[in-house]
Amino acid sequence: MMAMKLNKEYWEERYEKGETGWNVGKITTPLKEYIDQLKDKNIKILIPGAGNGYELEYLIEKGFYNSSVVDYATTPLENIKKRIPELNESQIINADFFELEGQYDLILEQTFFCALNPDLRQAYVQKMKALVNPNGKIAGLLFQFPLTSEGPPFGGSIEEYVSLFQNDFNIITMETAHNSIPPRANKELFVVFEKK
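Here the structure is a predicted model, which is why all the values come from computation and not from measurement.

Rules used in this analysis
Residues numbered from 1 in each chain as written. Predicted model: local features only at pLDDT ≥ 70, side-chain atom pairs only at ≥ 80, totals over all residues. Heavy atoms only, no water. Helix = DSSP H or I, 4+ residues; strand = E, 2+ residues; numbered from the N terminus. Buried < 20%, exposed > 50% of the residue type's maximum accessible area, 1.4 Å probe, protein only. Areas by Shrake-Rupley, 256 points an atom, 1.4 Å probe, with all protein chains shown as cover. Pairing = 2+ DSSP bridges. Right-handed = clockwise from strand over helix to strand, strands pointing away. Arc of directions from axis to C-beta. Contact = heavy atoms within 4.5 Å. Axes fitted to C-alpha atoms, helices over the stretch in contact; angles between N-to-C directions. Phe/Tyr/Trp six-rings, centres within 6.5 Å; stacked < 30°, edge-to-face > 60°.

(A) View of the overall build of the chain. Along the backbone of the chain there are 6 helices and 7 strands. If you list the helices and strands of the chain from N to C, you get α-α-β-α-β-α-β-β-α-β-α-β-β. In the chain, which comprises 196 residues, the share counted as buried stands at 51%. Approximately 9400 Å² of the chain is accessible, and the part contributed by carbon and sulfur atoms is 50%.

(B) Broad picture of the pairing of strand β2 (residues 67–71). The buried count for β2 comes to 5 of 5 residues, which makes it a mostly enclosed element. Burial along β2 is two-sided: Ser67, Val69 and Asp71 and Ser68 and Val70, pointing in opposite directions, are all buried. Pairing of strand β1 (residues 45–48) with β2, which is carried by 4 bridges, proceeds in the parallel orientation. Note that in β2 the partner of Leu46 across the bridge is Ser68. Taking the sense of rotation as the criterion, the β-α-β connection linking β1, helix α3 (residues 54–61) and β2 turns out right-handed. Read from β2 through helix α4 (residues 74–83) to strand β3 (residues 92–94), the crossover connection turns out right-handed.

(C) Spatial organisation of helix α2 (residues 29–36). Among the residues of α2, those classed as buried are Pro30, Leu31, Tyr34 and Ile35. Each buried residue of α2 lies within a common arc of 130° when the element is viewed along its axis, so the set occupies one face. As for α2, its buried residues are in contact with α3, β4 (104–110), β5 (132–143) and β7 (188–195).

(D) Structural detail: the sheet that holds β3. Read across the sheet, 7 strands follow the order β3-β2-β1-β4-β5-β7-β6 without closing on themselves; strand pairing throughout is mixed. Sheet topology places β3 and β6 (169–176) at the edges, where each strand pairs with a single neighbour. When the angles between neighbouring strand axes are averaged without regard to direction, this sheet yields 15°. Bridge count for β2 against β3 is 3 bridges, and the pairing is parallel. In the strand pairing of β3, Asp71 is matched with Asn94. The strands that α4 touches are β2 and β3; relative to β3, the one it contacts most, it runs at about 165°.

(E) Quick peek at the environment of Ile35. Considering the arrangement of structural elements, one finds Ile35 in helix α2. For the pair Ile35 and Tyr58, spaced 23 residues apart in sequence, the C-alpha separation works out to 8.6 Å. Aside from chain neighbours lying at most four places away, what touches Ile35 is Ile27, Tyr58, Leu59, Phe64 and Leu108.

(F) Expanded view of the packing of aromatic side chains. Under the definition given, this model contains 12 aromatic pairs. On the basis of an interplanar angle of 45° and a centroid distance of 6.3 Å, the ring pair of Phe113 and Phe165 is categorised as tilted. Residue Phe113 is found in the loop between β4 and α5 (121–131), and its partner Phe165 is found in helix α6 (residues 158–165); the two are separated by 52 residues along the sequence. For Phe113, a relative accessible area of 1% gives the class buried. One aromatic cluster in this structure is built from Phe97, Phe98, Phe112, Phe113, Tyr124, Tyr161, Phe165, Phe169 and Phe193.

Coordinates in, geometry out; function isn't part of it.
What follows is the structure in structure tokens.
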């Protein structure tokens, strides 16, 4: 679909050059408000493709100490370590998401799905299914704008997402986010998928 290789080197170079247009510098409102209503502080949470990990920082501030990030670019993970020195090594996983092992109660989706080559979407769903505990959830944001070969980020539609996820997950919520940051207004779907 695309000539560009979205590999470890590609992402490392983007961080090193500061070409991180997706980096808002803080947690975005939809995820913040979702986290704010979570009651159980003991749940095991993963943020894949976490980048600079502002969501992790917010989770730790709120007492969700059983949270971790995975990214295969090392630069943003080093940034996380500098900002949150109390984290232990097991919370900052430098690896390919598709090779990750483990089980999580909640996986937060924040611009990871849309950064992947769209050819990997089926593999993403299957990996999520493997990583999420029974009755566990995926929650976060998927972009809603036409999917083209221009990207990342890559867009998609409700119809595509339903067909991708519905066999393995119950679609609890899928609606246009009402609290997106201004540049992403009406371009984000807030989703909650519960593993079947």
